[in-house]
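# Coordinate inspection notes
Residue strings, one per chain:
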Amino acid sequence: MVEVGDKLVGYATDDEVRKRGASGGLVTAVLAAALEKGLVESVVVLKHVDEYEAVPIITDDVEEVLASTGSMHSVPAMLAKYAVDRKVAMPGKPCDIRAVIEQSKRNMIDLDSTYLIGLNCGGTMPPVLTKKMLIEMYDIDPEDVVGEDIEKGKLIYRTKDGNEKAISIEELEEAGFGRRNNCQYCQLKIPVNSDLACGNWGTLLKRDVLRLRLPVIRP
Ligand SMILES: Cc1cc2nc3c(=O)[nH]c(=O)nc-3n(C[C@H](O)[C@H](O)[C@H](O)COP(=O)(O)OP(=O)(O)OC[C@H]3O[C@@H](n4cnc5c(N)ncnc54)[C@H](O)[C@@H]3O)c2cc1C
Ligand code: SF4
């Protein structure tokens with residue numbers, strides 16, 4: 001029996017979702033299951049345009065949810081407003097979750113019918129500056145990027161030729177790139193204010209598993 005406060009390791013049982021997921025696709029699998037099992041009427045996810053742009057969508061289409069795998073580090077989207085007046089499940093960075101809770105205090109969101117899947121968050125980056133950083137620091141054409149990761153303090157980019165390059169976030173920020181200013185002093189990196197807190201910090205395996213923490217209790 002799982003209890004509040006437990007920490008678990010897991011991944012999506014669908015191999016394709018597991019492979020595409022930021023760290024094993026569990027968040028996507030949980031959101032899809034919430035729809036399929038009728039726990040919620042719709043789900044909020046990011047629909048990818050490219051590596052630097054994604055738009056939040058509210059959907060009841062499981063296929064759209066399954067297509068939304070992956071963490072967008074250069075998309076500083078705020079998802080809270082999409083939960084207003086809806087029975088939804090949604091992923092969210094700690095600041096998204098905090099905004100949902102603030103809106104609930106103003107009676108705009110009912111927390112009893114909103115399922116918050118929190119993502120650990122090292123920070124987001126402005127898209128235009130990120131493209132400049134790729135050219136100047138990584139010597140990578142931004143259009144060649146097929147994936148990105150943050151691991152052990154390094155920002156890693158994978159390119160379509162199968163290579164990857166990692167540079168420490170400290171070095172990037174000293175050069176004027178990297179995370180947005182507010183992310184550099186943000187104190188809430190693990191969303192202990194959500195229903196599930198998910199991330200790859202602390203996992204032993206790379207990329208295809210996720211660590212899931214059941215937060216003590218949300219306010
Ligand atoms: C900007 C950012 C930074 C992160 N930094 C860290 C970190 O430093 N350490 C760590 O342990 N974990 C970090 N994570 C969490 C990690 O990358 C995975 O999201 C988490 O482990 C879940 O993996 P998954 O395979 O189950 O998710 P997936 O199944 O791939 O699902 C990811 C979900 O996140 C949503 N999403 C993607 N980008 C965003 C975004 N910008 N804002 C809101 N929702 C989004 C997608 O719509 C999708 O529903 C970060 C996530 C983000 C978005
Ligand atoms: S580091 Fe903090 S402010 Fe920045 S995106 Fe993550 S949760 Fe939001």
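Going by the structure above, here's the rest.
Residues numbered from 1 in each chain as written. Chains lettered and ligands numbered in written order. Predicted model: local features only at pLDDT ≥ 70, side-chain atom pairs only at ≥ 80, totals over all residues. Heavy atoms only, no water.

## A few points about the overall build of the protein
For the record, the criterion: Helix and strand assignments follow DSSP, with helices taken as H or I runs no shorter than four residues and strands as E runs no shorter than two, numbered in order from the N terminus. The reference for a compact globule is 2.2 Å times residues^0.38; the radius of gyration itself is calculated from the C-alpha atoms. Working definition: with a 1.4 Å probe on protein chains only, accessible area under 20% of the residue-type maximum means buried, over 50% means exposed, and in between means partly exposed. Contacts are assigned to residue pairs that have any heavy atoms within 4.5 Å of one another. Residue exposure ignores everything except the shown protein chains as possible cover, and the areas themselves are Shrake-Rupley values with a 1.4 Å probe.
Of the regular secondary structure elements, the protein holds seven helices and ten strands. Taking 17 Å as the expected radius of gyration for a compact globule of 219 residues, we find that the protein reaches 17 Å, a close match to that expectation. Each principal axis of the C-alpha atoms in the protein carries an extent, and together these give about 50 × 40 × 30 Å. The buried share of the protein, taken over its 219 residues, is 46%. Looking at the protein alone, contacts between residues at least 24 apart form 58% of all its contacts between residues at least 6 apart. Of the roughly 11,700 Å² of accessible surface on the protein, 51% is carried by carbon and sulfur atoms.

## Quick word on the nonpolar core
Inside soluble globular proteins, nonpolar side chains tend to come together where they are buried. Quick note on the threshold: What we call a nonpolar core is a set of buried Ala, Val, Leu, Ile, Met, Phe, Trp, Tyr and Cys residues that are connected through their side-chain atoms within 4.5 Å.
In terms of nonpolar packing, the biggest core is built from 20 residues, with Leu46, Val75, Met90, Val100 and Leu116 touching the most fellow members. Broken down by secondary-structure element, the contributors of at least two residues to this core are strand 2 (42-50), strand 4 (88-92) and helix 4 (94-105). Considering every element that reaches this core, the biggest residue donor is helix 4, with four residues. Contact partners of Leu46, with chain neighbours within four places excluded, come to Ala54, Val55, Pro56, Ser68, Met72, Val75, Ala77 and Leu79. Counting 18 residues, the second largest nonpolar core, distinct from the first, contains Ala12, Ala89, Leu196 and Cys198.

## Focus on the site of ligand 1
For clarity, the threshold we go by: Summary of the distance rule: residues count as near a molecule or strand when at least one heavy atom falls within 4 Å of that molecule or strand. Pairing of N or O atoms within 3.5 Å defines a polar contact, subject to two protein rules: one partner must be a possible hydrogen donor and the other a possible acceptor, and residues neighboring in sequence count only if both atoms are side-chain atoms.
Near ligand 1, the surroundings consist of 32 residues, among which Ser23, Gly25, Thr28, Gly70 and Asn200 are the closest. A distance of 2.8 Å separates an oxygen atom of ligand 1 from a polar backbone atom of Val27. Within the side chain of Thr28, one N or O atom sits 2.6 Å away from an oxygen atom of ligand 1. Listing elements by their share of the shell around ligand 1, those giving two or more residues are helix 2 (26-36) and strand 2. Broken down by element, the shell around ligand 1 gets its largest block of residues, four residues, from helix 2.

## A look at the sheet that holds strand 8 (residues 164-168)
Here is the rule we go by: Strand pairing is assigned whenever DSSP detects at least two bridges linking the two strands. Axis lines are fitted through C-alpha atoms, for helices just across the contact stretch, and the angle between N-to-C directions can take any value from 0 to 180 degrees.
Pairing within the open sheet is antiparallel, and its three strands lie in the order 6-7-8. The open sheet is flanked by strand 6 (145-151) and strand 8, the only strands paired with a single partner. Adjacent strand axes in the sheet meet at a mean angle of 20 degrees when their direction is disregarded. Lying on the sheet, helix 5 (residues 127-138) is in contact with strand 6, strand 7 (154-159) and strand 8; it crosses strand 7 at an angle near 90 degrees.

## A few points about the site of ligand 2
We count it as follows: The classification used treats Ala, Val, Leu, Ile, Met, Phe, Trp, Tyr, Cys and Pro as nonpolar, Asp, Glu, Lys and Arg as charged, and all other residues, Gly among them, as polar.
Taken together, Lys93, Pro94, Cys95, Cys121, Gly123, Thr124, Arg180, Cys183, Cys186 and Lys189 make up the full set of residues near ligand 2. Here the shell around ligand 2 is composed, by residue class, of five nonpolar, two polar and three charged.

## Quick word on the packing of aromatic side chains
Selection criterion: When two rings of Phe, Tyr or Trp (its six-membered ring) have centres within 6.5 Å they constitute a pair, described as stacked for plane angles under 30 degrees, edge-to-face for angles over 60, and tilted for the intermediate range.
All told, the structure shown has one aromatic pair when counted by the stated rule. Taking the centre distance of 5.1 Å and the plane angle of 85 degrees together, the rings of Tyr138 and Tyr157 count as edge-to-face. Of this pair, Tyr138 sits in helix 5 while Tyr157 is found in strand 7, placing the two residues 19 residues apart along the sequence. The same class applies to Tyr138 and to Tyr157, which are both buried.

## With respect to the side chain of Glu51
When you line up the elements, Glu51 lands in the loop between strand 2 and strand 3 (53-59). When sequence neighbours within four positions are dropped, the list of residues in contact with Glu51 reads Met72, Ser74, Val145, Val146, Gly147 and Glu148.

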